[in-house]
Every structure is written in C-alpha cells, then in structure tokens.
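Here is what each chain is made of, one letter per residue.
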Amino acid sequence: MKLLLKLGLIASLLITSSFAEKVYKLRIATTWGPTLSPLFDAAENMAKIAEEMSNGQLKIKVHASNRHKAPLGVLDMVKGGQYDLGHSASYYWKGKDIATLPFTSMPFGLTAPEQYAWFYYGDGLDLMQKVYAKHNVLSFPGGSTGVQMGGWFKKEIKTLEDLKGLKMRIPGFAGEIMAKLGVQVTNIAPGELYTALDRNNIDALEWVGPSMDINMGFHKVAPFYYTGWHEPASEMHFIVNKRAYKKLPKHLQKILKISMRVAAYDMYVQNYDMNAKAWEKMKKEYPNIQVKTFSKEIMAAMKKANSELRAELSAKSPELKEVLDNQEVFQKRTREWTKMSDYLYLKDNLE
Ligand code: CA
C-alpha cells in the first residue's frame, strides 16, 4: 500500500514536472497607453494572475498603445494573429461590425452588476462569442467603469433649447442621440480636449468619471458636471485569437479564462475606489463644481432619440437586434430586483 502511494506520488510529480516544462508565451495588445489607469492595469493584472496561477507556465507580455502604435487596430491585430490577445472596448468596432456595440454599454441600459449577471448567468457571453466568431476571436468581459458621468459643461443646461447648437465632444451612439437633440457633435483627439474646452472651441465634453477625468483637468474650466445616462456600465473586453487559444492545454485555457474574469472584476472595484477618492479631491480643490442632472424634459427627449436609433439599427442588422432584444428582456426582469434592493436601500438611506 505504502509503495503504491509512493509510486502514485512519483507519477504525479512526473506529470506535474512535464507540464511545468512547457512555457507558453503570449502577447497582449491594449488600446490604452501605459499610464491609463485603471484600464491598462486590467491587462497587466490579468497577465500577472495568469502567470502566478500557472506557476510560470503562462507568460503574457503586455504591449501598451505606444508600443504597437495602433490603439484602434487591436481587433485586427488579434484577428490576424500579430497578437494573441487584446484589451480594448467592444464598441470601438461598431464601424466594422455593428453587432459588437451592445457588449460595452447602451444608453439607459444595464448597470454594472446587472450587466455582469447578463454576461455570466444570462445569454451575454454566448451572444458575444457568436458575434465575434466571424472575427476568429473569443471575447470576454474585461472590466467595467461603472456609471460614466454625463460630462463637463461650461454653462448650465436647463432646457432642450440650451442644447441646440451646443458644441460637444461625445463619441459613438450617445453622440448620435445628442445630434438628434440638436447638439453639434465634434470629435477631438484626447490630448487636445482640455485646450479645446478651455479656449471655448467646444462647450462641453464627456470622458469617463472622476477617476479618469481628474488628470484631464476639465473641472478647472467647466464647472457643471452632469450625471450619467449614456454609458451606465462600460465594460472593456479581452479578446483572444482562436488559434492561439486552441494551442493551449486545457488547464491553461481555464487559467486564462479565470484570470480575465478576476481582472475584470478587479478593474470594476479599483475604479470604484478611484472615483470616490478623485471626487473627494476635486470637490475640495474646486468647490464651485456643481453636480447636475438633466431635466425630465431632456431625459425624455434623449430616451425617444435612443429608441428611434435602436429601431433604425435593429432594422439594418438582425444580429444586433438579437443582442439588443436579449438585453432588453434581461434588463426588465433584473431591474425589478435592482429597484427593490439597491435602489430602495439607497433612497431610504441617503441624507
Ligand atoms: Ca465615455
């Protein structure tokens, strides 16, 4: 019996050491620069978790955008096999494939806990694989910013009239909604945003939330900080080249998936903490900042424009329609619980 146990132990040691011999080296390209916390941190964190959990068998090199010079070429590079993995945001690919849009966040859509529930316990993850199959990559949640703020405005916005002709940087689907309301939507490179706002070349802009806005300095020149509606839970994503994934032994595939999932959750909570700290600092240094919420009239017009745009896009793409309809059904059911739990809890406990 003892001998058998010993032999078993030796055999398992041999198996472990033969596994440990082969090191798999992978590379991940991010859309972000190396100092863009917490987005870039999520990719680094994932690589670190994967290496530690695999006992060094998975080595993932992280390349920031200043290295590969193609921040918005991440999907193409992973698809083409120049990189094994990528970290970016799904809605950046809406110009190539409109069905990728809802996997980041939709205006008036799911909150972060609701969206994670949709990904992991609803149909979210399966639908995402279905959409990305034609790009030859797998896609997984990669960290949520939570509710993004509605943006910095130089003047208070009271009525729909105040939005007419307003020059604002707000990209993507939300920009299309704003355009329907008469806003003159402009696209300006991130590095030039502060100057554009300071010099009145634009009247307003949206970025992320306190955690990432603070370093941009918008609060120094535009005192009205509007609450969010357009990106209630922007989820980054990891993409993995299918061939590179298939080459990994099963246990490393599992470790990779777990690492991505942990890093995604970690980015969400890291950003939550960063938001609270950044907001505390901003408010103290610039007490003239005023937090505002768009009026009921403006919100109703935004919702109307949102529904119209969704219907227009859904009519063009049955694949997008399938994802949007699925999210909508999920949101209706889950929101009932959110109202009973978080919403009423907070409502009754706020001063
Ligand atoms: Ca944003």
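About the thresholds
- Residues numbered from 1 in each chain as written.
- Predicted model: local features only at pLDDT ≥ 70, side-chain atom pairs only at ≥ 80, totals over all residues.
- Heavy atoms only, no water.
- Donors = N, O, S within 2.8 Å, 3.2 Å for Na, K, Ca; no water.
- Helix = DSSP H or I, 4+ residues; strand = E, 2+ residues; numbered from the N terminus.
- Buried < 20%, exposed > 50% of the residue type's maximum accessible area, 1.4 Å probe, protein only.
- Domains from an automatic or database assignment.
- Contact = heavy atoms within 4.5 Å.
- Salt bridge = Lys/Arg side-chain N within 4 Å of Asp/Glu carboxyl O.
- Polar contact = N/O pair within 3.5 Å; in protein donor to acceptor, adjacent residues only side chain to side chain.
- Phe/Tyr/Trp six-rings, centres within 6.5 Å; stacked < 30°, edge-to-face > 60°.
- Lys NZ or Arg CZ within 6 Å of the ring centre and 35° of its normal.
- Patch = residues over 30% accessible without salt bridge, like charges linked within 9 Å, V, L, I, M, F, W, Y side chains within 5 Å.
- Areas by Shrake-Rupley, 256 points an atom, 1.4 Å probe, with all protein chains shown as cover.
- Lys, Arg positive; Asp, Glu negative; His and termini not counted.
- Charge placed at Lys NZ, Arg CZ, Asp CG, Glu CD.

J.: What exactly am I supposed to notice about the coordination of the calcium ion here?
T.: Ideal geometry at a metal centre gives angles of 109.5 degrees when four donors are arranged tetrahedrally and 90 or 180 degrees when six donors are arranged octahedrally. In this structure, Q148 (OE1), E206 (OE), E206 (OE), W207 (O) and E231 (OE) serve as the protein donors to the calcium ion, at separations of 2.3 to 2.7 Å. The sequence motif formed by the donor residues of the calcium ion is Q-x57-E-W-x23-E. Of this pair, Q148 sits in the loop between strand 4 (137-144) and strand 5 (151-153) while E206 sits in the loop between strand 8 (204-205) and helix 10 (210-213), and the two are 58 residues apart along the sequence. Taking relative accessible area as the criterion, E206 reaches 2% and is therefore assigned buried.

J.: Can you help me understand the domain arrangement of the protein chain in this one?
T.: How big an interface is tends to be reported as the loss of accessible area on association of its parts. The domain architecture assigned to the protein chain consists of domain 1 (9-145 + 233-273) and domain 2 (151-230 + 287-316). Relative placement of domain 1 and domain 2: their C-alpha centres are 30 Å apart. Taken together, the contact pairs twelve residues of domain 1 with 15 residues of domain 2. In this structure, the connection of domain 1 to domain 2 is made through one salt bridge. Salt-bridge contacts for K94 lead to E176; the nearest nitrogen and oxygen are separated by 3.3 Å. Between domain 1 and domain 2 we count three residue pairs in polar contact (both at pLDDT 80 or more) in total.

J.: Please clarify how the packing of aromatic side chains should be interpreted in this entry.
T.: In this description, a pair of aromatic rings is defined by centroid distance and the angle of the planes. Evaluation of the coordinates by the stated rule reveals 14 aromatic pairs. On the numbers, 5.7 Å between centres and 35 degrees between planes, the contact of F108 with W229 is tilted. Here F108 is found in the loop between strand 3 (85-89) and helix 5 (112-120), whereas its partner W229 is found in the loop between strand 9 (224-226) and strand 10 (235-241), with 121 residues between them in sequence. Between the aromatic rings of W118 and F119, the centroid separation amounts to 5.2 Å while the plane-to-plane angle is 45 degrees, which identifies the pairing as tilted. Judged on exposure class, the residue W118 and its partner F119 are both buried. Here a set of aromatic residues connected by ring pairs shows up, and it is made of W32, Y91, Y92 and W93. Just above the ring of Y83 sits the side chain of R27; from NZ or CZ to the centre is 4.3 Å. The cationic tip of R261 hangs over the ring face of Y120; the distance from NZ or CZ to the ring centre is 3.7 Å.

J.: Got a minute to help me understand unusual backbone geometry in this structure?
T.: Most of the time, phi is negative for any residue but glycine, and the peptide bond is trans. Of note, the amide linkage connecting S37 to P38 takes the cis form, showing an omega dihedral of 0 degrees. Relative to the elements of secondary structure, P38 occurs in the loop between strand 1 (24-30) and helix 2 (39-53). Phi angles above zero are rare outside glycine, and F108 is one such case at about 60 degrees. For F108, a relative accessible area of 21% translates into the label partly exposed.

J.: Hey, could you run me through the side chain of Q148 in this one?
T.: Given the relative accessible area of 4%, Q148 is considered buried. Within the structure, Q148 has its side chain in polar contact with the side chain of T145 (distance 3.3 Å). Aside from chain neighbours lying at most four places away, what touches Q148 is E206, W207, V208, G228, W229, H230, E231 and S234.

J.: Which parts of the structure should I look at to understand the pattern of salt bridges?
T.: Charged atoms that come close allow side chains of opposite charge to pair. Taken as a whole and assessed by the stated rule, the structure comprises 19 salt bridges. With a shortest N-O distance of 2.9 Å, K134 and E319 are connected by a salt bridge. Residue K134 is found in the loop between helix 6 (124-133) and strand 4, and its partner E319 is found in helix 14 (residues 318-349); the two are separated by 185 residues along the sequence. Given the relative accessible area of 47%, K134 is considered partly exposed. Looking at E319, the relative accessible area reads 24%, which means it is partly exposed. Two residues, E161 and K164, come together in a salt bridge whose shortest N-O distance is 3.8 Å. If you follow the salt bridges from partner to partner, you end up with K180, K304, E308 and E312 in one network.

J.: I would appreciate a short explanation of a positive patch on the surface in the present structure.
T.: Among the surface-exposed residues, K25, R27, K61 and R67 lie close enough to one another that they form a single positively charged patch. Structurally, R67 can be placed in helix 3 (residues 65-68). R67 sits in the exposed class, given a relative accessible area of 56%.

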